[in-house]
Every structure is written in structure tokens, then in C-alpha cells.
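# Descriptive structure summary
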Amino acid sequence: MKFTKLFLLFIMCLGITCSYKKLTAQKVQWVVFDFDGTLADTLPLTMEFINKSCAELGCNTIEPEAFRRNKISKIVTDHLGWWKILSAPLFVSQLESQCMNFFRENIDRITIFAGAKELLEALSKKYRLAIITPCAKEVVTQTLENHGIARVFEGIYSDGFSLIWGIDVTIKKFLVDHKLNPEEVLYVGDQDTDIFACRKVGVKVISTTWGYNSKSFLEQANPDYLVDSFDELALTIASFGNA
């Protein structure tokens, strides 16, 4: 009889624990996406701009795969020299501004990855969606409108200076503005900087391998999850449930 009572107590505790874990897993309310390289295939335009700039500066051009497997600081050092490192924040800011102008001029060439629209429409029925990106807001908005998916997002948070001080600042502001705990948000991005930023603020990050950083490069940064396709991304998000 004593054994039976202990066994029943164990089963009850196990059930409570499982229920708690399930409730914890269902706390996710928001799925926040990066834009460039995650939803939008802007790498070709970026490489075109970078190599045009390199040619103007008399530097060697950069191959896309070399770009995808290296840190920006190493690319700047290797291709533009140490003197640019000394003025890196200002230099990066200037390049970002020029790149955004290039994007504006070529906005009709920006495409959305195949499978992104279908995933976003499905997710919008279960989660609240937003974009946090260093890309100019008007570029993001126009691209989403061009592809008929602007309506699924409740907000677009753009901060070009995040390339200098880190996107974690923007993510933290997003959490504060919406009165969210970190576990209520999933972030989806394609670069190691997304991983480091999310780690700083305690948000789980799903890294995608089709964007600005290669799979092997992302693996070194140890993201919470790493996916190779939109189908895999959908399954990973679904594993969290929703509030």
C-alpha cells in the first residue's frame, strides 16, 4: 500500500512537471525576423555594391562565399587595410548609408526567398510577427508590399546604427516597448551577430543557413537552432507552440 501511494505521488509529480514544461514551451507570442538574407535575398545586391566600392577604392573584389564565411572586420582588414579599422564605426556607417541608397535605386530587384511567403502567412495565424533589421524601413516596407506580405507584420523596427552598437539594443527596446519577457520571443536571423545579440538579451535564436553567413560559420557561433530550409524553420517554430 505504501509503495502504491509513493508510486501515485511520483506519477502526479511527473505530470505536474510535464505540464509545466508544456506551459513554458507555449509562452512564445512573437516571432521576430531579420530581413536581409533571412526573408529577402539581398546578398547579390550587397555583393554588387561591395565590389563596386572595392573597385572605386582600388581594392580586390570579394567572392560571395568568402564573404559568407568571414567576419566583416576581417573582410575590411584584408581588403581595405588596417587604416580603415581605425575609423571602422564611421566607415561602416558611411558604407551602410551608401548601400541603402543603392538598395533604394534597385528595390525592384529585391526578391523574397521561395517559401517565405507561405511560412509567414501560416505563422501569422498563430503568432504576432515583426521585423528587426538594420535595413532602411522604407526598403523593407516597399519590398514586403511588392510581394504581398506587408500585412502579416505588426511592426518593422529599423536601426542602421545597430551595425555599430549591435542589434541587441534594438531587440531589448522591442522587449521593453511590448512588455515582453525574453522567452516570449523567438528571433530568426542569418548572421553570427544575430546569435550574439540574442544571447545578450536572453532571446532564443533560430539561425538560417541560406543568407549572409554560411552554415559552417554559423555553427561556430553555436546558435540555439540551425535550419537549412523554410520547412525546417516551420517545424522548429512549431515545436515551441504558442501562447
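All of the points below concern the structure found in this document. (Residues numbered from 1 in each chain as written. Predicted model: local features only at pLDDT ≥ 70, side-chain atom pairs only at ≥ 80, totals over all residues. Heavy atoms only, no water.)

### A short note on the nonpolar core
Cut-off, in case you're wondering: Throughout this description, the term nonpolar core refers to a set of buried Ala, Val, Leu, Ile, Met, Phe, Trp, Tyr and Cys residues connected via side-chain atoms within 4.5 Å. Relative accessibility decides the category of a residue: with a 1.4 Å probe and only protein chains considered, values under 20% of the type maximum give buried, values over 50% give exposed, and everything between is partly exposed. Only runs of H or I of at least four residues qualify as helices and only runs of E of at least two qualify as strands under DSSP, and these elements are numbered from the N terminus. The contact criterion used throughout is that any non-hydrogen atoms of two residues lie within 4.5 Å.
Among the nonpolar cores identified, the biggest contains 49 residues, and Phe 33, Phe 103, Leu 129, Ile 131, Phe 153 and Leu 233 are the most heavily contacted of them. Counting residues per element, this core draws most heavily on helix H2 (residues 43–57), at six residues. Residue contacts for Phe 33: discarding those within four places in its chain leaves Thr 38, Leu 39, Leu 120, Leu 123, Leu 129, Ala 130, Ile 131, Ile 132, Phe 153, Tyr 187, Val 188 and Leu 233. Of all hydrophobic cores here, the second largest spans 19 residues; its members include Ile 132, Val 201, Val 205 and Leu 218.

### Here's the deal with the pairing of strand E3 (residues 155–158)
If a strand is regular, its side chains alternate between the two faces of the sheet. The condition that has to hold: When DSSP locates at least two bridges between a pair of strands, those strands are taken to pair. Handedness is read with the strands pointing away from the viewer; a crossover is right-handed when the path from the first strand over the helix to the second is clockwise.
Note that strand E2 (residues 128–133) and E3 share four bridges and pair parallel. Its bridge partner being in E3, Thr 133 is matched across the sheet by Ser 158. Remark: the E2/helix H8 (residues 137–146)/E3 crossover connection has right-handed handedness.

### What about the sheet that holds E3?
Test applied: In this analysis an axis means a line fitted to C-alpha atoms, helices contributing only their contacting stretch, and an angle means the value between N-to-C directions, from 0 to 180 degrees.
If you walk across this open sheet you meet the six strands as E3-E2-E1-E4-E5-E6, and the pairing is parallel. With partners counted over all chains shown, the strands left at the sheet margins are E3 and strand E6 (225–227), one partner each. Pairs of neighbouring strands in the sheet enclose a mean axial angle of 20 degrees, with direction left out of account. Here four bridges tie strand E1 (residues 30–33) to E2, and the two strands are oriented parallel to one another. Paired with Val 31 across the strands is Leu 129, a residue of E2. Packed onto the sheet, H8 meets E2 and E3 and runs at close to 145 degrees relative to E3. Its contacts with the sheet put helix H11 (residues 192–201) on strand E4 (185–189) and strand E5 (204–208), and the angle it makes with E5 is roughly 175 degrees.

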